[in-house]
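Survey of secondary and tertiary structure
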Amino acid sequence: MRFNEFDKMMRVYEESLDQYILPDMYIVARLDGRSFTRLTKEICKFEAPFDVRFRDMMTGTVKALMESSGFRIVYGYSESDEISLLFHPEDNAFGRKVRKLNTTLAGEASAAFSLMLGRAATFDCRIVPLPNLKRVEDYFAWRQEDSHRNSLNAHCYWLLRKEGMNKDEATRELSGKSLAYKNELLFQHGINYNDLPAWQKRGQGVYYRNVQKEGVDPRTNTKVITERRELYTDLELPLGTEYRKFVLKFLEDEI
Ligand SMILES: Nc1nc2c(ncn2[C@@H]2O[C@H](COP(=O)(O)OP(=O)(O)OP(=O)(O)O)[C@@H](O)[C@H]2O)c(=O)[nH]1
Ligand SMILES: [Mg+2]
């Protein structure tokens, strides 16, 4: 068999699982830290339930993906050990091949996070194709609600652990309990959930914004104001309907 024919025959197998995101679908990628329960509790012993160093490594990873993955990402969101990335509607990198998106993003996130942490850590990645703007805002509202529920539960869990319960007892105590019950549990111990930092309840957003920088024009030696686009980490994301509008704006600004 000539090499050309051989090559053609083998490519059929290689490409048999390839999928593409259909045109007009909005793309969101979600990355999640692999076995980060062990990493955060046993290997690195991050502060629980929330550690600012861990949060900053997660947002640092989002920034690395937005700056150098080669994809046009208009908004990045992080909560707990996960990251969601909203793609520019016209991003056509790798012909929207799912395999390339997943592997490139997971590889880059793992590398960026590992360098910051100083040891190997990995992320998985899934692509979520969304059919319209309503589902895009639903997606981000969903992850924000997940962040809220996780954080309320985590604060209660670590409160019970500090009170002397072991892992199983604390988990059992909270299993099936309502949000109102958990809020009340914290309140009874002097913690008002509403007063906790916004980022712990809603997660962090990363996006580009225009900033004005003061410089000196070397030709005239006078002060000049220039505008630059830079990545910004927002630790006070809006909530509910306001957050939905906030997310859609990143797409509207680009269309
Ligand atoms: N100590 C600490 N842990 C955190 C922090 N943020 C997230 N985590 C932990 O990260 C883990 C994320 O949960 P999962 O993604 O469901 O669990 P996982 O162990 O990563 O499992 P897989 O994702 O299935 O591989 C939870 O155990 C969280 O408590 C933090 O700021 N401090
Ligand atoms: Mg994980």
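Analysis parameters
- Residues numbered from 1 in each chain as written.
- Chains lettered and ligands numbered in written order.
- Predicted model: local features only at pLDDT ≥ 70, side-chain atom pairs only at ≥ 80, totals over all residues.
- Heavy atoms only, no water.
- Helix = DSSP H or I, 4+ residues; strand = E, 2+ residues; numbered from the N terminus.
- Buried < 20%, exposed > 50% of the residue type's maximum accessible area, 1.4 Å probe, protein only.
- Contact = heavy atoms within 4.5 Å.
- Near = heavy atom within 4 Å.
- Polar contact = N/O pair within 3.5 Å; in protein donor to acceptor, adjacent residues only side chain to side chain.
- Areas by Shrake-Rupley, 256 points an atom, 1.4 Å probe, with all protein chains shown as cover.
- Axes fitted to C-alpha atoms, helices over the stretch in contact; angles between N-to-C directions.
- Parallel < 35°, antiparallel > 145°, perpendicular 65-115°, else oblique.
- Left-handed = near helix turned anticlockwise from the far one by under 90°.
- Donors = N, O, S within 2.8 Å, 3.2 Å for Na, K, Ca; no water.
- Tetrahedral: all angles 85-135°; square planar, octahedral: opposite > 155°, others 65-115°.

What follows concerns the overall build of the protein chain. From N to C terminus, the protein chain includes nine helices and six strands. C-alpha atoms of the protein chain, sized along the principal axes, occupy 75 × 70 × 40 Å. Considering the protein chain as a whole, with its 255 residues, one finds that 42% of them fall into the buried category. Restricting the contact set of the protein chain to residue pairs at least 6 apart, pairs at least 24 apart contribute 68%.

In this section: the site of ligand 1. Taken together, 17 residues lie near ligand 1, and Asp32, Ser35, Phe36, Thr37 and Lys41 sit nearest. Note that a nitrogen atom of ligand 1 is positioned 3.4 Å from one of the backbone N or O atoms of Phe46. The separation between an oxygen atom of ligand 1 and a polar main-chain atom of Asp51 is 2.8 Å. Within the complex, 70% of the 660 Å² of free accessible area of ligand 1 lies under protein. With four residues, the single largest contributor to the shell around ligand 1 is helix H2 (residues 36–43).

Turning our eyes to something else, we now look at the packing of helix H5 (residues 133–162) against helix H6 (residues 167–174). Packing of H5 against H6 brings their axes to within 9 Å, and their N-to-C directions diverge by 135°. In this view, H5 runs oblique relative to H6, as classed from their interaxial angle. At the point where H5 passes H6, the crossing takes the right-handed sense. Here Asn153, Cys156, Tyr157, Leu160 and Arg161 of H5 lie close against H6, whose contacting residues are Lys167, Ala170, Thr171, Glu173 and Leu174.

Once that is clear, we can look at the coordination of the magnesium ion (ligand 2). Four donors placed tetrahedrally about a metal ideally form angles of 109.5 degrees, and six donors placed octahedrally ideally form angles of 90 or 180 degrees. At this site the magnesium ion (ligand 2) is bound by Asp32 (OD), Gly33 (O) and Asp81 (OD), with donor distances of 2.1 to 2.2 Å. Considering all six donor atoms around the magnesium ion (ligand 2), the spread of angles at the metal, 80 to 179°, places the coordination shape in the octahedral class. Along the chain, the residues donating to the magnesium ion (ligand 2) fall in the pattern D-G-x47-D. Remark: Asp81 occurs in the loop between strand E2 (73–79) and strand E3 (82–87) and Asp32 occurs in strand E1 (residues 26–33); sequence separation between them is 49 residues.

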